[in-house]
Structures are given as structure tokens and as C-alpha cells.
Amino acid sequence: MRVTMIGTGYVGLVSGACFSEFGVNVTCVDKDVSKIEKLKQGVMPIYEPGLEKLVEDNVKDGRLSFTTELGPAVKGADAVFIAVGTPSRRGDGYADLSYVYAAAEEIAQALDGYTVIVDKSTVPVGTGREVETIIRKTNPKADFDVVSNPEFLREGSAINDFMRPDRVVIGTESERAREVMRRLYRPLHLIETPILFTGRETAELTKYAANAFLAVKITFINEIADLCEKVGADVHDVSKGIGLDGRIGKKFLHPGPGYGGSCFPKDTLALVRTAKDAGAPARIVETVVDINDKRKKRMADKVVDVCGGSVKGKKIAILGLTFKPNTDDMRDAPSLEIVPALQAAGANLSVFDPEGMEEAKKMLSGVEWCENVYDTMKDADAMVLVTEWNEFRSLDLPRVKKLMKTPAMVDLRNVYSPAEMVASGFNYIGVGRPVPKKG
Ligand SMILES: NC(=O)c1ccc[n+]([C@@H]2O[C@H](COP(=O)([O-])OP(=O)(O)OC[C@H]3O[C@@H](n4cnc5c(N)ncnc54)[C@H](O)[C@@H]3O)[C@@H](O)[C@H]2O)c1
């Protein structure tokens, strides 16, 4: 089989590499010349564990290649995936579909023989229909079907998520397209992955419903954490207590600084817009979007608290900048709210992230960029654990204490135990956990 992936970002590159690992012949296309040049030299444009080796092996075996030329890559392909970005449209929160529609037009001009166009980008209900209209208008003679196949992988564990997903959702009414998709996903069928065939609109909505539900779950536990802080309860035990209920489930019940990343913020917002336009407002999701926005900004207050009411002129060490560990993705990361809020309050910031510094430098300024985590702490008045990278999980606390001016930690990921931190002589604040009194 021959597959073409339009858009070689987090989703396109991982999906393309994984399909080639399944034995499919894959061409990844991107209009970003430097990205494709890097890939041709074996340099990954993103940080994703295991990706470099997977790409290298499949390029070597001749199943995976990269190009900026969309036309030749589309000609003769059995399936052409659209995996371009669908960011929030500036100003109104609708999904910006301009990249999807531009790709559809370009694909249309190059179609040659029956081709399945697969929308892997996260797109609002009705986008598949619109893509079909664009292709038909651009190339009335084309023989094609448009399928929705939303992607559920998570950055940081993307390869495993793609190779062993909880499910695959395929939305199409066409039996011919279904057959192509069945062949493509056969390796997953063989390991008994549930493959759900639905209508196209259903598949499109399923992706938004999944992300919105997860955003609700995170926001719910974040609010319970706030309540725990007021009443002296421990949110970890509450999470365990409710998560052991099979109807609720354990996952996504870890409180923190509010969800961020390349998907939840924009997808919740887009769902709110779609739902309102359809006359079925998603009021829970609307509220969640609002709560989460405010929460990220409020996290800076915890730092002010730990510093005794003001951070003016104080040095604060920031541990982690990416929206989660094991990725270099900075899109909508909580750090992008926390850092400017602390700067506005007069703090001097020293920052470190194991993989996200290059991306972060494009988005943050006026901070001291450090070489390693301990460098951030020299003479610091407080440190803030923003992203739970493994290397921040077992800091050398005596060394940290010696380096800092005052040993204080705001642990926005509840990595450390409040009792142990207090016993080690730290002024410590987590999220939703009571802190024992000193001595
Ligand atoms: N990142 C994730 O974790 C994730 C997970 C599931 C779904 N998604 C969805 O997948 C889609 C892609 O997300 P991403 O994070 O991979 O985006 P990304 O920004 O990392 O990558 C998109 C790529 O598409 C390229 N592109 C845009 N228009 C093009 C065109 N006409 N021809 C060729 N290349 C083009 C861009 O240059 C870019 O490299 C989005 O809709 C997103 O919501 C993302």
C-alpha cells in the first residue's frame, strides 16, 4: 500500500513513521522546507521518545521518505492523510481550517485513480463534507472518498499510543473507503484493537467529545483540590477514593496548574463554538474553558504566598516549561501564563526545561536561561515545579537547600510529599494537599 501524509508535525510524522513500521510505503509531505531538510538528514524536528530510531530504521528500509512536493507524493497513493494544524482562529476560538482546506485543494489537483482522503487533523463536524466539496469543485473528474480518522495519540508516548491505541475510529459511509482503511489498520486489528466504523460526522465529533471529557475531568479534580486546600483534605486520597470506582476510573484525576498543550485548549473552545452554532450549547465545557484559563493565571499567586506576600525583586527558579514532560511542545503551556504573571509582579526568573528551551525561547523573554536544573536555584527565594519531568522527581534536596537563598517550593504537580519537604526544612506548597506544621 502507498500512503501520503500531508503535514509532518507531531501527528503526521509519528503516524507516517508508524504506518511505515507496519510495512506501508509512506511519503511525508510538509511545506516547511527546513523541517523536511532536517528529516532528510535524520534530524527530528520535534522531541518524541523513540521517534528518531523509528524514522531512521524505516528510511533505511526504504519505506519512509520526506518531500516538500505534494503533487508527485499524492499521485498513485491509496490513501492521502491530512494531518495539518487546526489551531484556534485568532479572536473567535473557532478551529482555523484554512490549512485543511488549502491542503484539500492541492490534493485535488494531483489525484490520480481512486484515492481515499483521510482527515486525521482534529476538525469540527461538517469539515469532511466541506473537504469533499472542495475536491469535487477543484477536480470534478476525481475518483475519491473523504474519511474521518481522528487521532488520539498523546505527545510523550505518541509511538506507543499509535501502535497500541485504545481504539481506532473511522468515519465513512463508503464501503470502498472502509476496505482501504481496514487494510491499512490490519496490524492493529490483528492485536485486537477495537476498530470503530461510524458515520463521518460521528467520527469528527467523537474526537472533540473525548478531549472535552478529559478536560472536564482534569478541571473537576482541580476544583476539588482547591476545596481540599480550604478544608484541610488531601486531594490525592480523594482521587484514589473516587478513582477506584470503576464508573469513574483512576486516570486524569491528578490536580495541577490547569490543562494546556496543543489540543485541549483549542479543542474545548472549538467544541463550545460548534455546539452554540448548532443550538445545543455545551455549557459544562464553556465553564471548564473559563475555569481553566483563570486557573493558569492564578498559579502565580501560590508563588507570591510562599514568598510571604510579594515576589518583587525576588529570584524565582522555574523547573519545566513544556505543557507536559517528554515533549518539547510549548503550545498553551501553563508556564506561558505563570512566567509573565511573576515577571509582572516584579520577580526575576531563572528557568530550565530538559527539552523545551529552544521552543520556549520563541515565546518567553526577560528570563535567565539556565544550563541545568541546579543552576536555576542559585540564590533563589523560591522554586516552582511546573512540569513533572523525571529529572525533577528526585532532586538532591540538601544540595538544593545550599544553593537557594531560602528553601521554598511551589510544587504544581504534587511530585513531592508535603511531610518530607517540611521535614527537609522547606517551605512547601503543593496543590490540594495539607502541609504539616513545622517541628
Ligand atoms: N499534537 C498532538 O498531540 C495531537 C494529537 C491528536 C490530534 N492532533 C491534531 O492533529 C493535527 C495536527 O497537529 P500537530 O500537533 O501534528 O500539528 P503541527 O503544527 O505539529 O504540524 C502541522 C504541520 O502541517 C504542515 N502543513 C500545514 N499546511 C500544509 C500543507 N498545505 N502542505 C503540507 N504541510 C502543511 C505544517 O508546516 C506543520 O509542519 C491538529 O488538528 C491537531 O489538533 C494533535
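The shown structure was predicted, so the numbers you read here are calculated from the model rather than taken from an experiment.

**Details of the environment of I170**
Okay, step 1: In this structure, I170 sits in strand β7 (residues 168-171).
Okay, step 2: In this structure I170 comes out as buried when scored by relative accessible area, which is 0%.

**Details of the packing of aromatic side chains**
Okay, step 1: If you walk through the whole model with that rule in mind, you get nine aromatic pairs.
Okay, step 2: Seen in terms of ring centroids, F19 and F81 are 5.3 Å apart; in terms of plane orientation they differ by 45°. Their pairing is tilted. Of the two residues, F19 is situated in helix α1 (residues 10-21) and F81 in strand β4 (residues 79-82); the sequence distance between them amounts to 62 residues.
Okay, step 3: Grouped by ring-pair contacts, the aromatic residues F19, F22, F81, F162 and Y185 constitute a single cluster.
Okay, step 4: One residue, R167, lies across the ring of F152, its end atom 3.6 Å from the ring centre.
Okay, step 5: Directly above the aromatic system of Y114 lies the positively charged group of R176, at a separation of 3.7 Å from the ring centroid.

**Comments concerning the site of the ligand**
Okay, step 1: Residues in contact with the ligand amount to 25 residues; listed here are only the nearest, D30, K35, T86, E155 and K266.
Okay, step 2: Take K266: an N or O atom from its side chain is 2.6 Å from an oxygen atom of the ligand.
Okay, step 3: With respect to the ligand, the side chain of R331 contributes an N or O atom lying 2.9 Å from an oxygen atom.
Okay, step 4: A total of 830 Å² of accessible area belongs to the ligand in isolation, and the protein chains cover 90% of it.
Okay, step 5: If you list the elements that add at least two residues to the shell around the ligand, you get α1 and α5 (98-110).
Okay, step 6: Along the lines of polarity and charge, the residues of the shell around the ligand split into eight nonpolar, seven polar and 10 charged.

**Some points on helix α13 (residues 283-306)**
Okay, step 1: Here α13 is 24 residues long and its end C-alpha atoms lie 35 Å apart, about the 34 Å a rise of 1.5 Å per residue gives.
Okay, step 2: A maximum bend of about 30° is found in α13 at K296.
Okay, step 3: Along α13, the positions that sit buried rather than exposed are V285, V288, V289, N292, R295, K296, M299, A300, K302, V303, V304 and V306.
Okay, step 4: Of the residues trailing α13, G308 is marked for its positive phi of about 80°.

**A closer look at the packing of helix α6 (residues 127-138) against helix α10 (residues 200-231)**
Okay, step 1: Two numbers describe how α6 lies on α10: the axes approach to 8 Å, and their chain directions differ by 125°. Taken together, the axes of α6 and α10 lie oblique to each other. Side by side, α6 and α10 meet where T127, G128, R129 and E132 of the first sit next to R200, E201 and E204 of the second.
Okay, step 2: The class makeup of the residues in the contact of α6 with α10 is no nonpolar, two polar and five charged.

**A look at the pattern of salt bridges**
Okay, step 1: Applying the stated criterion across every chain, the model contains 27 salt bridges.
Okay, step 2: The partner of R154 in a salt bridge is D161, and the shortest N-O contact between them spans 2.7 Å.
Okay, step 3: You can call R154 partly exposed: its relative accessible area is 42%.
Okay, step 4: The buried category is assigned to D161, whose relative accessible area is 10%.
Okay, step 5: One salt bridge connects E229 with K302, and the closest N-O pair in it is separated by 2.7 Å. On the criterion of sequence distance, the pair formed by E229 in helix α10 and K302 in helix α13 is long-range, its members being 73 residues apart.
Okay, step 6: The class of E229 is partly exposed, set by a relative accessible area of 38%.
Okay, step 7: Here K302 falls in the buried class, since its relative accessible area comes to 10%.

**Side note on the sheet that holds strand β11 (residues 368-369)**
Okay, step 1: Ordered by their spatial adjacency, six strands build an open sheet running β11-β10-β9-β12-β13-β14, and the pairing between neighbours is parallel. The open sheet is flanked by β11 and β14 (427-429), the only strands paired with a single partner.
Okay, step 2: Taken together, the five bridges between strand β9 (residues 315-319) and strand β10 (residues 348-352) define a ladder with parallel strand orientation. Bridge assignment links A317 to a residue of β10, and that residue is S350.

**Points about the domain arrangement of the protein**
Okay, step 1: Each assigned domain of the protein is listed here: domain 1 (2-198), domain 2 (208-289) and domain 3 (296-429).
Okay, step 2: The straight-line distance from the C-alpha centre of domain 1 to that of domain 3 is 37 Å.
Okay, step 3: At the interface, nine residues of domain 1 touch 10 residues of domain 3.
Okay, step 4: Of the roughly 700 Å² buried at the junction of domain 1 and domain 3 (both faces included), carbon and sulfur atoms supply 42%.
Okay, step 5: Three residues, Y10, Y47 and E155, lead the burial of domain 1 against domain 3; their summed loss comes to 78% of the area buried on that side.
Okay, step 6: Between R331 and E155 there is a salt bridge, with the nearest N and O atoms lying 3.8 Å from each other.
Okay, step 7: Along the contact surface separating domain 1 from domain 3 lie five residue pairs in polar contact (both at pLDDT 80 or more).
Okay, step 8: The residue inventory of the side of domain 1 that touches domain 3, partitioned by class, reads five nonpolar, one polar and three charged.

Each value, and the rule that gives it
- Residues numbered from 1 in each chain as written.
- Predicted model: local features only at pLDDT ≥ 70, side-chain atom pairs only at ≥ 80, totals over all residues.
- Heavy atoms only, no water.
- Helix = DSSP H or I, 4+ residues; strand = E, 2+ residues; numbered from the N terminus.
- Buried < 20%, exposed > 50% of the residue type's maximum accessible area, 1.4 Å probe, protein only.
- Phe/Tyr/Trp six-rings, centres within 6.5 Å; stacked < 30°, edge-to-face > 60°.
- Lys NZ or Arg CZ within 6 Å of the ring centre and 35° of its normal.
- Near = heavy atom within 4 Å.
- Polar contact = N/O pair within 3.5 Å; in protein donor to acceptor, adjacent residues only side chain to side chain.
- Areas by Shrake-Rupley, 256 points an atom, 1.4 Å probe, with all protein chains shown as cover.
- Nonpolar A, V, L, I, M, F, W, Y, C, P; charged D, E, K, R; others polar.
- Expected span 1.5 Å × (residues − 1).
- Bend = angle between axes of the 7 residues up to and from the residue.
- Axes fitted to C-alpha atoms, helices over the stretch in contact; angles between N-to-C directions.
- Parallel < 35°, antiparallel > 145°, perpendicular 65-115°, else oblique.
- Contact = heavy atoms within 4.5 Å.
- Salt bridge = Lys/Arg side-chain N within 4 Å of Asp/Glu carboxyl O.
- Pairing = 2+ DSSP bridges.
- Domains from an automatic or database assignment.
- Buried area = accessible area lost by both parts, 1.4 Å probe.

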